[in-house]
Amino acid sequence: MLSADAIFHNFITGKMTPFYDRYYPGLLMYARRVLLDSELEWMAEDCVQEAVMDAFQKRHIFNDPAQWHAHMLACIRNKAISARRRLSARRNYEEYMSAGSDSRNPEPDMTHVLIEHETLDALYAAIKSLPPNYRELLSMSFEEGLKNAEIAARLGVSEITVKKRKARMLEMLRSRLGGEIDLLTISILLSAYLLRTH
């Protein structure tokens, strides 16, 4: 078994397999604990993967494995807290909307309908602008609901490659949607898009 120092140095040089073998499962468990809400459990892998990508992009700032590991834990915690806040805001909004609906007037708020329509149209355009291999990945992941291992087997690539491609695909969508949108919002939009198109 490789030492923490060896795994750290492998990670810094782009050799990720020892890191994924040794640390990834524990980071995933940590993300699930920090997310707290079963409705957000599906985001654990995204939180960890974003933390890994962030740590890799900043790999030259780390002096030792402890600093590197602490950075990833902080990233996971921050992303999980952000996801919890957004879920809380969404729940508050849903409660507000359901409390404010007038049972005597079931007509939808046209402003809300228009905004939703324009948002989904923007998402559709962003999806259409993705390269074909990323659209295929989106279809397998979000429409077919395949897990990373199943996608990897179908494409004949490693699971790590699938995770990297998914992170890149979501980053491209975020960029095409203005750059300020977070992964939870993109996931909610993708769900709404799939509901509208099926």
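Analysis parameters
Residues numbered from 1 in each chain as written. Predicted model: local features only at pLDDT ≥ 70, side-chain atom pairs only at ≥ 80, totals over all residues. Heavy atoms only, no water. Salt bridge = Lys/Arg side-chain N within 4 Å of Asp/Glu carboxyl O. Helix = DSSP H or I, 4+ residues; strand = E, 2+ residues; numbered from the N terminus. Axes fitted to C-alpha atoms, helices over the stretch in contact; angles between N-to-C directions. Parallel < 35°, antiparallel > 145°, perpendicular 65-115°, else oblique. Left-handed = near helix turned anticlockwise from the far one by under 90°. Contact = heavy atoms within 4.5 Å. Nonpolar A, V, L, I, M, F, W, Y, C, P; charged D, E, K, R; others polar. Buried < 20%, exposed > 50% of the residue type's maximum accessible area, 1.4 Å probe, protein only. Core = buried A, V, L, I, M, F, W, Y, C linked by side-chain atoms within 4.5 Å.

A.B. asks: Sorry if this is basic, but what is going on with the pattern of salt bridges here?
C.D. replies: Should the charged atoms of two oppositely charged side chains come close, the side chains can pair. Within this structure, the stated rule accounts for six salt bridges. Taking the shortest distance from any N to any O, the salt bridge between Glu45 and Lys163 comes out at 3.9 Å. Taken together, the residues Glu45 in helix α4 (residues 44–57) and Lys163 in helix α9 (residues 159–176) connect sequence positions 118 residues apart. With a closest N to O distance of 4.0 Å, Glu159 and Lys163 form a salt bridge. Remark: Lys163 and Glu159 occur in helix α9; sequence separation between them is four residues, near one turn of the helix. A network of salt bridges, in which partner residues are shared, links Glu45, Glu159 and Lys163.

A.B. asks: How should I be thinking about the packing of helix α3 (residues 24–35) against α4 in this particular structure?
C.D. replies: Angle between the axes and distance between the axes: these two values describe a pair of packed helices. For the pair α3 and α4, interaxial distance at closest approach is 8 Å and the crossing angle is 120°. With respect to α4, the axis of α3 lies oblique. Considering how the two elements wind past one another, α3 and α4 form a crossing that is right-handed. Contacts between α3 and α4 pair Tyr24, Leu27, Leu28, Ala31, Arg32 and Leu35 from the former with Ala44, Glu45, Cys47, Val48 and Gln49 from the latter. Here the residues of the contact of α3 with α4 are counted per class, giving eight nonpolar, one polar and two charged.

A.B. asks: Can you help me understand the environment of Leu130 in this one?
C.D. replies: On the secondary structure map, Leu130 appears in the loop between α6 (110–128) and α7 (132–143). Taking the C-alpha atoms as reference points, Leu130 and Met169, 39 residues apart in sequence, are found 7.8 Å from one another. The contact partners of Leu130, leaving out residues within four places of it in the chain, are Arg135, Met169, Met172, Leu173 and Arg176.

A.B. asks: How should helix α1 (residues 4–12) be read in this particular structure?
C.D. replies: It helps to recall that an α-helix has 3.6 residues per turn; residues three or four apart then point in one direction. Within α1, burial applies to Ile7, Phe8, Asn10, Phe11 and Ile12. Taken from the residues just after α1, Gly14 is the one with a positive phi, measuring 95°.

A.B. asks: Would you mind showing me how to read the nonpolar core here?
C.D. replies: When a protein is soluble and globular, its nonpolar side chains tend to lie buried together. Membership of the largest hydrophobic core comes to 31 residues, with the highest contact counts inside it found for Phe11, Phe19, Leu35, Val48 and Trp68. Residue assignment for this core shows that the elements contributing at least two residues are α1, α2 (17–22), α3, α4 and α5 (65–100). Looking at this core, the element that brings in the most residues is α5, giving seven residues. Leave out the neighbours within four places in its chain, and Leu35 touches Leu40, Glu41, Met43, Ala44, Cys47, Ala80, Ala83 and Arg84. Within the second largest apolar cluster, 16 residues are counted, among which are Leu123, Leu138, Leu146 and Ile151.

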